[in-house]
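# Architecture at a glance
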Amino acid sequence: GVSVHAFEPVPDNLYYLSQSVLVNNASFANKLRLYPIVLGSDARNHTMYTQPHNAGNSVVDMPVVVNGKIRSNKVQTTIRSERLDDVLWPDAAREVVPRVRLMKIDVQGYEVQVFRGASRLLAAGAIRAIYFEVAGELLARQGASEADLWNLLHVSSGYTIHCLAGSGIHCARNPSRKAAFERIRSRQEFVKRALSAPDNTSTWVATLDGGALPAVD
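Residues numbered from 1 in each chain as written. Predicted model: local features only at pLDDT ≥ 70, side-chain atom pairs only at ≥ 80, totals over all residues. Heavy atoms only, no water.

### A word on the pattern of salt bridges
- Using the criterion set out here, one finds seven salt bridges in the structure.
- For Arg-83, the salt bridge is made with Asp-85, and the minimal N-O distance between the two is 2.9 Å.
- Residue classification places Asp-85 among the buried positions, given a relative accessible area of 0%.
- Arg-120 is the salt-bridge partner of Asp-86, the closest N and O atoms lying 3.6 Å from each other. With a gap of 34 residues between them, Asp-86 in helix α2 (residues 84–88) and Arg-120 in helix α4 (residues 119–123) connect regions that are remote in the sequence.
- With a relative accessible area of 27%, Arg-120 lands in the partly exposed category.
- One salt-bridge network, in which partners are shared between bridges, spans Arg-83, Asp-85, Asp-86 and Arg-120. (Salt bridge = Lys/Arg side-chain N within 4 Å of Asp/Glu carboxyl O. Buried < 20%, exposed > 50% of the residue type's maximum accessible area, 1.4 Å probe, protein only. Helix = DSSP H or I, 4+ residues; strand = E, 2+ residues; numbered from the N terminus.)

Shown next, in the form of structure tokens:
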């Protein structure tokens, strides 16, 4: 009974994702809904940039920077953004609150805009857990900060924030290392952990109080 909603604005990535699902698990296609859009704080057009030969490194409205150098091409000039609220819960006055067990987000510094566009869902407790990354440099390039994330998730929406022990995202991808999450109790601690990540990218989970942490091993 579980369904998956996936958002992928880069045409090449969308093609390979859909083809991979059809080839490897066609039955899952009936449970998957793909959206060729960006999630953001409002509905409008954007320019998407991508690193050559690495379509997974794509950035909204900003050239991709790798090791201090611009490494990107325009994918297309008109990629549309929508609010997650408007996609999953367009009529909050009449519709039942949707239930999202886990939200996985990887948007290269665009996290704050995505969460602002999901403010109604977050306030209603519709999203049980959120798995996300934090990279201060990427956030700053989008006019945001680690403190903004803390305020949106913890202060405004009541989520408990957990940090993956060891900080760097590679911990989560290394099957030989057990993933251990530590509860973060203050904005200062959150910002300090995010800034001290070895590769400037740290891995976090936000849960509603009492919620179980999703498995990451």
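### What to know about unusual backbone geometry
- Residues other than glycine seldom take positive phi values, yet His-53 does so here, at roughly 65°.
- Within the fold, His-53 resides in the loop between β4 (44–51) and β5 (54–60).
- Among the residues examined, His-53 registers a relative accessible area of 90% and is labelled exposed.
- The phi dihedral of Gln-108 is positive, around 55°, even though this residue is not glycine.
- Mapped onto the elements, Gln-108 comes out in the loop between β9 (103–105) and α3 (111–116).

### Details of the nonpolar core
- Counting 38 residues, the largest nonpolar core has Phe-115, Ile-127, Ile-130, Phe-132, Leu-153, Tyr-159 and Trp-204 as the members making the most contacts within it.
- With four residues, the top contributor of residues to this core is helix α6 (residues 146–155).
- Sequence-distant contacts of Trp-204, that is, excluding residues within four places in its chain, are made with Ile-130, Tyr-131, Phe-132, Val-134, Ile-161, His-162, Cys-163, Phe-181, Ile-184, Phe-190, Arg-193 and Ala-194. (Core = buried A, V, L, I, M, F, W, Y, C linked by side-chain atoms within 4.5 Å. Contact = heavy atoms within 4.5 Å.)

### What about the layout of surface pockets?
- Estimates place the volume of the largest pocket at around 1300 Å³.
- Forming the walls of the largest pocket are 43 residues, and the residues nearest its centre are His-5, Ala-6, Phe-7, Lys-104 and Ile-105.
- Residue composition of the lining of the largest pocket, grouped by class: 29 nonpolar, seven polar and seven charged. (1 Å grid on protein atoms, 1.4 Å probe; cavity = no way out; pocket = protein on both sides within 12 Å on 5 of 7 lines; lining within 4 Å. Points joined across faces, edges and corners; volume = space filled by probe spheres on them. Nonpolar A, V, L, I, M, F, W, Y, C, P; charged D, E, K, R; others polar.)

### Let's talk about the packing of aromatic side chains
- By the definition in use, this model includes five aromatic pairs.
- With centroids separated by 5.7 Å and ring planes inclined at 40°, the aromatic side chains of Trp-150 and Phe-190 adopt a geometry described as tilted. Of this pair, Trp-150 sits in helix α6 while Phe-190 sits in helix α8 (residues 187–195), and the two are 40 residues apart along the sequence.
- Ring pairing ties together the aromatic residues Trp-150, Phe-190 and Trp-204, which thus form one cluster. (Phe/Tyr/Trp six-rings, centres within 6.5 Å; stacked < 30°, edge-to-face > 60°.)

### Observations regarding the environment of Ile-105
- Structurally, Ile-105 is set in strand β9.
- On the basis of relative accessibility, which here comes to 4%, the residue Ile-105 falls in the buried class.
- Between the C-alpha atom of Ile-105 and that of Glu-133, which follows or precedes it by 28 residues, the distance is 7.4 Å.
- For Ile-105, the contacting residues outside a window of four places in its chain are Glu-111, Val-114, Phe-115, Ile-130, Tyr-131, Phe-132 and Glu-133.

### Quick notes on the packing of α6 against α8
- In the contact formed by α6 and α8, the axes pass within 9 Å of each other and the chain directions differ by 135°. The angle between α6 and α8 places the two elements in the oblique class. The two elements α6 and α8 cross, and the hand of that crossing is right-handed. Each of Glu-146, Ala-147, Leu-149, Trp-150 and Asn-151 in α6 lies in contact with α8, whose residues at this interface are Arg-187, Phe-190, Val-191, Ala-194 and Leu-195.
- Across the contact of α6 with α8, the residue classes break down as seven nonpolar, one polar and two charged. (Axes fitted to C-alpha atoms, helices over the stretch in contact; angles between N-to-C directions. Parallel < 35°, antiparallel > 145°, perpendicular 65-115°, else oblique. Left-handed = near helix turned anticlockwise from the far one by under 90°.)

### Some thoughts on the environment of Leu-152
- Relative to the assigned elements, Leu-152 resides in helix α6.
- C-alpha separation for the pair Leu-152 and Val-112, spaced 40 residues apart in sequence, amounts to 7.8 Å.

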